[in-house]
Amino acid sequence: MKLLSVNIGRPRPNPWKNLGATGIDKRPADGPVAVREPGPKGTGAVGLAGDRVYDVKHHGGSDQAVYAYAREDLDLWEAELGRPLPNGAFGENLTTSGLDVNGALIGERWRIGRDTVLEVSCPRIPCGTFQGWLEVEGWIKRFTRAALPGPYLRVIEPGDIRGGDPVEIVHRPGHDVTVALAFRALTAEPDLLPRLLAADALPEEDRELVRRRTGG
């Protein structure tokens, strides 16, 4: 299991939302990138130095500090869409190899390189910017059906990371709530929502959404 690339956003206009810019255009960094705890949502801060988000209401902050996607899943989408998808094409900060990012458990922890530890917090939910960026009609529905969202991660131990670093799973919690299960519950299969409360590491705003939708 390893990190293929660390991808940093380049600000560009966002015609798909009522926002001045988007950071979805991610490109691999040449050298090491510092990973730090960004603090609460609302400032635009994320976990990687040199990156940020512009939709501060829905993105960024401690529970969405870093976004990971598997090269294997990008390859599946390449075949389906019939076009190349370079590392960072889905707006991911980390492009991984050999790591089951969607089978990862909420609360699972990964050590990347020597010092950095990240914790799986929640799945990525697709938005209009993502669909507009890829220029694929009906993309949100296709992405949702596939249930290969990739996880957001929070920073547990800061450090520097770079492409080629090994990834090690150092903790797996004692429940069965995977990234894929959480995504399905939060999107197309609400009957699964009660199961999510077994995952203590699920962000509080998602836990509140579960309680609100289930009456719990």
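Caption draft 1: Inspection of the sheet that holds strand 7 (residues 116–123) at higher detail. Read from one edge of the open sheet, 8 strands run 2-1-5-4-8-7-6-10, paired in mixed fashion. Both outer strands of the open sheet, strand 2 (26–28) and strand 10 (167–171), are each paired with one neighbouring strand and no more. Taking the axes of each pair of neighbouring strands and ignoring which way they run, one obtains an average angle of 35° across the sheet. As judged from the 4 bridges shared by strand 6 (residues 109–112) and strand 7, these two strands associate in the antiparallel manner. Residue R109 lies in a different strand from strand 7, and its bridge partner there is E119. Sheet strands touched by helix 1 (residues 71–81): strand 1 (2–9), strand 4 (66–70) and strand 5 (94–97). Its angle to strand 4, the strand with the most contacts, is close to 60°.

Caption draft 2: Layout of the packing of helix 1 against helix 3 (residues 139–146). Axis separation between helix 1 and helix 3 bottoms out at 13 Å; the angle between their running directions is 130°. On the basis of the axis angle, helix 1 is oblique to helix 3. At the point where helix 1 passes helix 3, the crossing takes the right-handed sense. Listed contacts from helix 3 to W77, E80 and L81 of helix 1 are W139, R142, F143 and A146. Here the contact of helix 1 with helix 3 is composed, by residue class, of 5 nonpolar, no polar and 2 charged.

Conventions we followed
- Residues numbered from 1 in each chain as written.
- Predicted model: local features only at pLDDT ≥ 70, side-chain atom pairs only at ≥ 80, totals over all residues.
- Heavy atoms only, no water.
- Pairing = 2+ DSSP bridges.
- Helix = DSSP H or I, 4+ residues; strand = E, 2+ residues; numbered from the N terminus.
- Axes fitted to C-alpha atoms, helices over the stretch in contact; angles between N-to-C directions.
- Contact = heavy atoms within 4.5 Å.
- Parallel < 35°, antiparallel > 145°, perpendicular 65-115°, else oblique.
- Left-handed = near helix turned anticlockwise from the far one by under 90°.
- Nonpolar A, V, L, I, M, F, W, Y, C, P; charged D, E, K, R; others polar.

Function-wise, these values are silent; they only describe arrangement.
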